[in-house]
Each structure stands twice: as C-alpha cells, then as structure tokens.
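Spelled out from the first residue to the last, the chains are:
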Amino acid sequence: VPEHAELAWILGCITNVPRLLRLPQWKMKRASQNNEGTVGLLTYPVLQAADILLYKSTHVPVGEDQVLHLELAQDIARHFNKKYGEFFPVPKAILSEP
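The name an unreviewed UniProt entry assigns to the protein chain is SYWM protein, from the organism Geococcyx californianus.

Shown next as structure tokens:
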C-alpha cells in the first residue's frame, strides 16, 4: 500500500532527528552495529507511526516493548494537528498481556 510510505515521508519531514535518536531500540541496535546504524533503522518508528495514523486508529494493541514507539506516534499526531489542524486522532495504547 503506497500510502504508508507516502505518509511516512510526510511525517518524517515534521519529526526531528534528536527525538528518534533517543529511542532505546535505536541505541541498542546501533551499538551492536559498531555505531553505524542505518537510516532505515532510525526512521522505522516513523513508518510505524504512519501505519497507525493512516487508518486514524484511536486505540492500538501494543506490547510493553512498543510503548515508546506508540508515544512517538502520539507526539507526531499532536504536532501534525497543531501545525495543520485537527486531522489525526491521538491513539491510545491497549497493553497486551505477556
């Protein structure tokens, strides 16, 4: 579905790099790759946010390890809405049990 990549590009244009660099998954993977993480790895959480926001999801089932990525999607939705008007609902987490 091309709209996922298209929305990821748009959202990537309003997401700042320092926010992505703070995600623990980036830090862990980058450390295991001799400090040479890839752009795809860095921007993958933005693609996840696009996957959620494209369908205007209001609730998202997530595991504990994905809570920070959902928080990023929430931040991106809020930022987009503030800049361009209310468009995306801010999704809430439904924590799945282990």
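> Tell me about the environment of Arg-78, residues and numbers included.
With respect to the helices and strands, the residue Arg-78 is situated in helix 5 (residues 67–84). Given the relative accessible area of 44%, Arg-78 is considered partly exposed. Distance from Arg-78 to Pro-89, taken between C-alpha atoms, is 8.4 Å for residues 11 residues apart in sequence.

> So what about the pattern of salt bridges? Which residues, and what values?
In the structure shown here, the tally under the stated rule is 2 salt bridges. A salt bridge links Asp-75 to Arg-19; the shortest N-O distance between them is 2.6 Å. Of this pair, Asp-75 sits in helix 5 while Arg-19 sits in helix 2 (residues 17–21), and the two are 56 residues apart along the sequence. Of the charged contacts in the structure, one is a salt bridge between Arg-78 and Asp-75, with a shortest N-O distance of 3.4 Å. Here Asp-75 and Arg-78 lie together in helix 5, a separation of 3 residues that amounts to about one turn.

> I'd like a description of the environment of Leu-95, backed by residues and values.
Secondary-structure assignment places Leu-95 in strand 2 (residues 92–95). Sequence spacing of Leu-95 and Val-46 is 49 residues, and the spatial spacing of their C-alpha atoms is 20 Å. In contact with Leu-95, not counting residues within four places along its chain, are Val-62, Glu-64 and Val-67.

Conventions adopted
- Residues numbered from 1 in each chain as written.
- Predicted model: local features only at pLDDT ≥ 70, side-chain atom pairs only at ≥ 80, totals over all residues.
- Heavy atoms only, no water.
- Helix = DSSP H or I, 4+ residues; strand = E, 2+ residues; numbered from the N terminus.
- Buried < 20%, exposed > 50% of the residue type's maximum accessible area, 1.4 Å probe, protein only.
- Salt bridge = Lys/Arg side-chain N within 4 Å of Asp/Glu carboxyl O.
- Contact = heavy atoms within 4.5 Å.

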